[in-house]
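Here is how the chains run, residue by residue.
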Amino acid sequence: MPPLPSMHRSFNISFHRFLLPPLVYFHSHAPSRLLHPAASSIHSGTQPKQKSDAADMLEALLDAAEREGSIFKVVGVVTQPQSSSRSRKKHVLSPVAQRAFDRGFPSSSIFLPSKAGEESFLSSLKELQPDLCITAAYGNILPKRFLDIPPCGTVNVHPSLLPLYRGAAPVQRAIQDGVKVTGVTIAYTVRSLDSGPIIAWESLEVDSDIKAPKLQSLLFAKGTRLLLRELPSILDGLAVQSSKEQDHSSASLAPKISVEESWLSFDETALAIHNKVRAFSGWPGTKALFLSKNSVGELETIEVKIITTRVKPYDSDVSNSERAVWLKGNSLVLCCGDRTVLEIVELQPPGKKVMSGRDFWNGLQGRQLLKFKP
């Protein structure tokens, strides 16, 4: 546990970037471990605001820091290294870095370390003397040398009810498991992954059709409000005394999602498939194979992305069909494991836009559609 801070009323807070290495806080004389020199030309003031839960959290912290009587200030931002756009031949800022620019941060206050344990980064962070570090959904373990720097510790906003779903993909894995209730936890960061003492938590009922990006946004919005509520006690050191150790025997893991997991198997139940489609929405998405007869009567494989599904009540016509895919209303329906019925509401063929099941069916021009069986 970090030592209690001295009882002063102005605190420096550094903000950690979603899913990527460490955070930073800035001082007017902070060392330059910074943006690419071309960064100033990237920010034109006309860039559209990009949707990002981490950027929204940063903006909420900045808004709170600027209010009269605020007890803290945000002195810097750490975000992922810039990506390169081959088509435009220029560097592209992350949503967090772009939002920081939009709020008036100079490039010298935005740090882009590739790893949390970089010697130059840790040296720069130590010179800033931040009182508190804040991380959001950071899936890796921070080194002890990092955790020893801020006297008030490092606090993590994690979108699950810890100790459940520790790891890189808590929202996705919770939806994949079909949970009815999840939540967000504010906890101290320790060397073991998402295992620190809990400062506060709030729960949220999970709609049976909500997709991961939407649920994640709801949880981070709730987590931001919870963090701002708890900041005074965190900065005064009272949260250290009132925080609760996790029940480690009840912990579950939420490992990172791989692209290989995106394939669907219709041997699973309709509910399991529906939950996977919801969980993997956004990235990496879900894919399925179908069969259809071409103009000369040969079976050809059709690969599609499955965008939106629903679980249908028992339907004897569909449930008794081994391989056929049916059109009912505007959706495709088919039999899955245990004779359950899945409705495919939206899908996307390669190179085409997202379309309804009916539009896809019409494009078959009367050809029969079958489930793919390996």
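In short, a report on the structure. (Residues numbered from 1 in each chain as written. Predicted model: local features only at pLDDT ≥ 70, side-chain atom pairs only at ≥ 80, totals over all residues. Heavy atoms only, no water.)

**Regarding the overall build of the protein**
Point 1. Counting its regular elements, the protein contains 11 helices and 16 strands.
Point 2. Taken over 374 residues, the protein has a buried fraction of 52%.
Point 3. Of the roughly 17,800 Å² of accessible surface on the protein, 52% is carried by carbon and sulfur atoms. (Helix = DSSP H or I, 4+ residues; strand = E, 2+ residues; numbered from the N terminus. Buried < 20%, exposed > 50% of the residue type's maximum accessible area, 1.4 Å probe, protein only. Areas by Shrake-Rupley, 256 points an atom, 1.4 Å probe, with all protein chains shown as cover.)

**Overview of helix 4 (residues 119–128)**
Point 1. Taken residue by residue, helix 4 has Phe-121, Leu-122, Ser-124, Leu-125 and Leu-128 as its buried positions. Seen from one end, helix 4 has its buried residues packed into an arc of 160°, which puts them on one side. Residues of helix 4 that are exposed and point more than 90 degrees away from the buried face comprise Lys-126 and Glu-127. (Arc of directions from axis to C-beta.)

**Points about the side chain of Thr-224**
Point 1. By the element assignment, Thr-224 lies in helix 7 (residues 212–236).
Point 2. Apart from the residues lying within four places of it in its own chain, the contact partners of Thr-224 are Met-57 and Ala-60. (Contact = heavy atoms within 4.5 Å.)

**Some remarks on the pairing of strand 8 (residues 181–188)**
Point 1. Of all eight residues in strand 8, seven are buried, a share of seventy percent or more.
Point 2. Note: strand 7 (residues 154–158) against strand 8, four bridges, orientation antiparallel. For His-158, the partnering residue across the bridge sits in strand 8 and is Thr-185.
Point 3. Here seven bridges tie strand 8 to strand 9 (residues 198–205), and the two strands are oriented antiparallel to one another. In the strand pairing of strand 9, Val-184 is matched with Glu-202. (Pairing = 2+ DSSP bridges.)

**Digging into the packing of aromatic side chains**
Point 1. Applying the stated rule across the entire model yields one aromatic pair.
Point 2. Aromatic pair Phe-266 and Phe-290: ring centres 5.6 Å apart, planes at 40°, arrangement tilted. Taken together, the residues span a long stretch of sequence, with Phe-266 in the loop between helix 8 (238–242) and helix 9 (270–279) and Phe-290 in strand 10 (residues 286–293) at a distance of 24 residues.
Point 3. Phe-290 sits in the buried class, given a relative accessible area of 0%.
Point 4. Positioned over the ring face of Trp-326 is Lys-328, at 5.8 Å from the centre of the ring. (Phe/Tyr/Trp six-rings, centres within 6.5 Å; stacked < 30°, edge-to-face > 60°. Lys NZ or Arg CZ within 6 Å of the ring centre and 35° of its normal.)

**Considerations on the nonpolar core**
Point 1. One finds Phe-72, Val-74, Leu-132, Val-155, Ile-199, Leu-227 and Ile-234 to be the most contacted residues of the largest nonpolar core, which totals 39 residues.
Point 2. Here the element with the most residues in this core is helix 2 (residues 53–66); it accounts for eight residues.
Point 3. Formed by 21 residues, the second largest nonpolar core is a distinct cluster that contains Ala-270, Phe-290, Ile-302 and Leu-347. (Core = buried A, V, L, I, M, F, W, Y, C linked by side-chain atoms within 4.5 Å.)

**Some points on the state of the cysteines**
Point 1. Evaluated as defined, the whole model comprises zero disulfides.
Point 2. A disulfide-free cysteine, Cys-152 has its sulfur positioned 10.0 Å from the sulfur of Cys-133, the nearest such atom.
Point 3. Cysteine Cys-335 is unpaired, with the sulfur of Cys-336 as its nearest cysteine sulfur at 6.5 Å.
Point 4. The exposure class assigned to Cys-335 is buried, which follows from its relative accessible area of 7%. (Disulfide = S-S within 2.5 Å.)

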